[in-house]
Amino acid sequence: QVQLVESGGGLVQPGGSLRLSCAASGSIFSRNSMGWYRQAPGKQHELVAAMTSGGTTNYAESLKGRFTISRDNAKNTVYLQMNSLIPEDTAVYYCNYRVGRVVELWGQGTQVTVSS
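Residues numbered from 1 in each chain as written. Predicted model: local features only at pLDDT ≥ 70, side-chain atom pairs only at ≥ 80, totals over all residues. Heavy atoms only, no water.

Draft legend 1. Inspection of the packing of aromatic side chains at higher detail. A complete count under the given rule lists one aromatic pair for this structure. With centroids separated by 5.1 Å and ring planes inclined at 75 degrees, the aromatic side chains of Y37 and W106 adopt a geometry described as edge-to-face. Note that Y37 is positioned in strand β4 (residues 33–39) and W106 in strand β10 (residues 103–106), a separation of 69 residues in sequence. On the basis of relative accessibility, which here comes to 16%, the residue Y37 falls in the buried class. W106 sits in the partly exposed class, given a relative accessible area of 37%. Directly above the aromatic system of Y79 lies the positively charged group of R19, at a separation of 4.1 Å from the ring centroid. (Phe/Tyr/Trp six-rings, centres within 6.5 Å; stacked < 30°, edge-to-face > 60°. Helix = DSSP H or I, 4+ residues; strand = E, 2+ residues; numbered from the N terminus. Buried < 20%, exposed > 50% of the residue type's maximum accessible area, 1.4 Å probe, protein only. Lys NZ or Arg CZ within 6 Å of the ring centre and 35° of its normal.)

Draft legend 2. Highlighting the pattern of salt bridges. In this structure the tally under the stated criterion is five salt bridges. The partner of R38 in a salt bridge is D89, with the nearest N and O atoms 3.0 Å apart. Placement of R38 in strand β4 and of D89 in the loop between β8 (77–82) and β9 (91–99) is noted, with a sequence separation of 51 residues between them. When its relative accessible area of 1% is taken as the criterion, D89 is described as buried. R98 is the salt-bridge partner of E104, the closest N and O atoms lying 2.4 Å from each other. Looking at E104, the relative accessible area reads 39%, which means it is partly exposed. (Salt bridge = Lys/Arg side-chain N within 4 Å of Asp/Glu carboxyl O.)

Written out as C-alpha coordinates, the structure reads:
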(Lines give C-alpha, C1' and ligand atoms only; values in the text may rest on other atoms or scores of the structure.)
Protein backbone atom coordinates (compact mmCIF):
# COMPACT_ATOMS: atom_id res chain seq x y z
CA GLN A 1 0.00 0.00 0.00
CA VAL A 2 1.31 3.43 -0.97
CA GLN A 3 0.09 6.71 0.47
CA LEU A 4 0.59 10.11 -1.15
CA VAL A 5 0.54 13.30 0.90
CA GLU A 6 0.51 16.60 -0.93
CA SER A 7 1.29 20.04 0.43
CA GLY A 8 2.08 23.55 -0.73
CA GLY A 9 -1.04 24.77 -2.47
CA GLY A 10 -2.71 28.07 -1.70
CA LEU A 11 -3.54 31.53 -2.92
CA VAL A 12 -0.91 33.54 -4.77
CA GLN A 13 -0.94 36.75 -6.77
CA PRO A 14 -0.22 36.74 -10.51
CA GLY A 15 3.52 36.64 -11.08
CA GLY A 16 4.13 34.85 -7.82
CA SER A 17 5.55 31.42 -7.07
CA LEU A 18 4.50 28.30 -5.23
CA ARG A 19 6.18 25.00 -4.51
CA LEU A 20 4.16 21.82 -4.24
CA SER A 21 5.42 18.71 -2.51
CA CYS A 22 4.19 15.14 -2.62
CA ALA A 23 5.60 12.52 -0.30
CA ALA A 24 5.02 8.85 -0.93
CA SER A 25 5.14 6.33 1.87
CA GLY A 26 4.53 2.62 2.24
CA SER A 27 5.56 -0.12 -0.18
CA ILE A 28 7.42 2.02 -2.70
CA PHE A 29 8.85 0.45 -5.84
CA SER A 30 12.36 1.75 -6.43
CA ARG A 31 11.61 2.27 -10.13
CA ASN A 32 8.62 4.53 -10.48
CA SER A 33 7.32 7.74 -11.95
CA MET A 34 5.93 10.55 -9.84
CA GLY A 35 4.38 13.68 -11.14
CA TRP A 36 1.65 16.26 -11.16
CA TYR A 37 -1.58 16.67 -13.06
CA ARG A 38 -4.12 19.42 -12.73
CA GLN A 39 -7.77 20.06 -13.38
CA ALA A 40 -9.25 23.51 -13.71
CA PRO A 41 -13.01 24.14 -13.48
CA GLY A 42 -14.68 23.13 -16.72
CA LYS A 43 -11.46 21.77 -18.20
CA GLN A 44 -9.96 18.34 -18.69
CA HIS A 45 -7.48 16.70 -16.40
CA GLU A 46 -4.02 17.38 -17.85
CA LEU A 47 -0.40 16.48 -17.28
CA VAL A 48 1.74 19.18 -15.72
CA ALA A 49 5.02 17.31 -15.30
CA ALA A 50 6.34 13.90 -14.33
CA MET A 51 9.70 12.50 -13.42
CA THR A 52 10.97 8.93 -13.21
CA SER A 53 13.17 7.66 -10.43
CA GLY A 54 15.94 7.59 -13.04
CA GLY A 55 15.59 11.30 -13.71
CA THR A 56 13.69 11.40 -16.99
CA THR A 57 11.23 14.28 -17.12
CA ASN A 58 8.10 14.95 -19.12
CA TYR A 59 6.46 18.37 -19.18
CA ALA A 60 3.39 19.88 -20.70
CA GLU A 61 4.87 21.97 -23.50
CA SER A 62 2.95 25.06 -22.50
CA LEU A 63 4.43 25.01 -19.00
CA LYS A 64 8.09 24.52 -19.82
CA GLY A 65 10.17 27.40 -18.54
CA ARG A 66 7.77 28.33 -15.76
CA PHE A 67 7.34 25.02 -13.95
CA THR A 68 10.15 22.75 -12.78
CA ILE A 69 9.77 19.24 -11.41
CA SER A 70 12.34 17.64 -9.15
CA ARG A 71 12.48 14.73 -6.75
CA ASP A 72 14.37 13.36 -3.81
CA ASN A 73 14.44 9.59 -4.19
CA ALA A 74 15.77 9.09 -0.68
CA LYS A 75 12.65 10.83 0.65
CA ASN A 76 10.29 9.45 -2.03
CA THR A 77 9.19 13.01 -2.57
CA VAL A 78 8.47 14.94 -5.75
CA TYR A 79 8.36 18.72 -5.96
CA LEU A 80 6.83 21.15 -8.40
CA GLN A 81 8.27 24.65 -8.47
CA MET A 82 5.81 26.99 -10.14
CA ASN A 83 7.00 30.47 -11.12
CA SER A 84 5.42 33.41 -12.92
CA LEU A 85 2.00 32.08 -12.09
CA ILE A 86 -0.97 33.32 -14.08
CA PRO A 87 -4.72 33.07 -13.36
CA GLU A 88 -4.98 30.25 -15.91
CA ASP A 89 -2.83 28.11 -13.61
CA THR A 90 -5.67 28.04 -11.10
CA ALA A 91 -6.64 24.41 -10.63
CA VAL A 92 -6.58 21.46 -8.30
CA TYR A 93 -3.17 19.84 -8.60
CA TYR A 94 -2.95 16.09 -8.10
CA CYS A 95 0.11 14.05 -7.31
CA ASN A 96 0.51 10.87 -9.34
CA TYR A 97 2.53 7.76 -8.56
CA ARG A 98 2.97 5.15 -11.25
CA VAL A 99 4.80 1.88 -11.68
CA GLY A 100 4.66 0.92 -15.33
CA ARG A 101 1.12 -0.12 -16.17
CA VAL A 102 0.73 -2.08 -12.96
CA VAL A 103 0.18 0.58 -10.31
CA GLU A 104 -1.26 4.07 -10.51
CA LEU A 105 -2.22 6.12 -7.47
CA TRP A 106 -3.45 9.66 -6.95
CA GLY A 107 -3.14 12.14 -4.14
CA GLN A 108 -6.14 13.91 -2.69
CA GLY A 109 -5.39 17.10 -4.60
CA THR A 110 -4.28 20.54 -3.51
CA GLN A 111 -5.89 23.78 -4.62
CA VAL A 112 -3.78 26.43 -6.33
CA THR A 113 -5.49 29.77 -6.86
CA VAL A 114 -3.80 32.59 -8.75
CA SER A 115 -5.67 35.83 -8.18
CA SER A 116 -5.11 39.42 -7.23
